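Listed below are the residues making up each chain.
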Amino acid sequence: MRKFIYSGGNHINIIEIPIDLKEDDIWKVMGAKEDVHNQLNEEVSSALTEICNLSSPLAVYETIKVKAVDDSGIEFKDGTYIHNKFARHLFDDADEAIFLLVTIGSEVDLRIAQLIESGLNIEAVVMDYGGIAASFNTFTNALGLLRSLTESQGKKMGVCLRPGNKYWDISGQATIFSVLSAEKIGVQLLESSFMKPTKSQSGIIPSGYLLEKDNSENGEMCSSCPSLKCPLRNVYGDSSVS
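Please read these numbers as outputs of a predicted model, since none were measured by experiment.

A. Inspection of the overall build of the chain at higher detail. Each helix and strand counted, the chain has seven helices and 10 strands in total. Looking at the chain residue by residue over its 242 residues, the buried ones come to 45%. At a minimum sequence separation of 6, the contacts of the chain that also span at least 24 residues come to 68%. Summed over all atoms, the accessible surface of the chain reaches about 12,100 Å², with 49% contributed by carbon and sulfur.

Dropping the structure here:
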């Protein structure tokens with residue numbers, strides 16, 4: 001469900017997203033082998049229940065028109081500039097960028113801290129992995145909703161560029177936060193460029209009428225992204241990923 005909050009005459013786009021998490025999602029993030037599954041089934045099941053009860057997934061996004069693309073990055077019409085050569089590759093023929101930030105809220109972080117304080121370290125680790133999986137799925141589902149909205153306008157969405165991977169330094173978070181009203185969904189940017197709550201994700205996505213979805217010739221960027229169910233995922237030769 002999408003709702004709009006109005007502030008000072010300008011609307012802020014906030015999406016309420018139902019929690020989407022299964023045990024398999026937690027196991028995938030943990031990367032656990034079958035013998036570990038047998039030992040941690042109870043902890044994973046318990047973490048799933050708690051995370052689903054504690055999470056309040058929200059997303060905030062803003063669409064900004066592209067002014068110019070040059071060899072060093074992208075200039076937007078609101079004055080924002082992204083210094084990133086790979087972004088220049090992604091934004092060829094883009095008309096605009098969607099700046100996106102999602103979170104599942106702070107309650108899971110608080111619960112992890114409680115578990116650690118109680119000496120329940122294994123439960124805390126499993127809960128942490130589960131929260132990561134939930135935040136990835138929230139980001140994926142927000143992308144799906146935005147893609148539907150974008151395609152209803154006759155436009156395409158390209159590959160998401162996210163701070164913290166090898167294509168964009170984590171300091172790129174500051175650019176996203178300069179555009180979005182992150183405080184409206186309870187997210188803060190720390191001096192370290194990490195976010196609080198920690199179970200939050202951010203990125204920018206090119207959009208346009210003439211945009212090519214397959215921006216990566218070898219699919220490497222998508223193959224290194226942890227959002228396995230992302231609707232924009234493009235892994236060449238992997239028939240299991242749609």
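B. View of the nonpolar core. In terms of nonpolar packing, the biggest core is built from 29 residues, with Phe76, Phe91, Phe99, Leu101 and Ile204 touching the most fellow members. When residues of this core are traced back to their parent elements, those giving at least two are β2 (10–16), β3 (58–70), β4 (73–76), α3 (85–90), β6 (96–103) and α6 (173–179). Residues Leu48, Ile51, Leu115 and Ala124 belong to the second largest nonpolar core, which totals 18 residues.

C. Just the pattern of salt bridges, in detail. Under the counting rule described, the total for this entry stands at nine salt bridges. Note that Glu50 is salt-bridged to Arg111, the shortest N-O span being 2.8 Å. You can see Glu50 sitting in helix α2 (residues 34–54) and its partner Arg111 sitting in helix α4 (residues 107–117), a full 61 residues away along the chain. Owing to a relative accessible area of 23%, Glu50 belongs among the partly exposed residues under this scheme. Here Asp128 makes a salt bridge to Lys199, at a shortest N to O gap of 2.8 Å. In this pair, Asp128 sits in helix α5 (residues 121–152) while Lys199 sits in the loop between β9 (195–196) and β10 (200–208), placing the two residues 71 residues apart along the sequence. One salt-bridge network, in which partners are shared between bridges, spans Lys65, Glu96 and Lys155.

D. Structural context of unusual backbone geometry. For the bond from Lys196 to Pro197, the omega torsion is 0°, close enough to zero to count as cis. Residue placement: Pro197 occurs in the loop between β9 and β10. The backbone of Asp93 shows a phi angle near 70°, a positive value even though the residue is not glycine. Mapped onto the elements, Asp93 comes out in the loop between α3 and β6. Overall, Asp93 belongs to the exposed group, its relative accessible area being 54%.

About the criteria used
Residues numbered from 1 in each chain as written. Predicted model: local features only at pLDDT ≥ 70, side-chain atom pairs only at ≥ 80, totals over all residues. Heavy atoms only, no water. Helix = DSSP H or I, 4+ residues; strand = E, 2+ residues; numbered from the N terminus. Buried < 20%, exposed > 50% of the residue type's maximum accessible area, 1.4 Å probe, protein only. Contact = heavy atoms within 4.5 Å. Areas by Shrake-Rupley, 256 points an atom, 1.4 Å probe, with all protein chains shown as cover. Core = buried A, V, L, I, M, F, W, Y, C linked by side-chain atoms within 4.5 Å. Salt bridge = Lys/Arg side-chain N within 4 Å of Asp/Glu carboxyl O.

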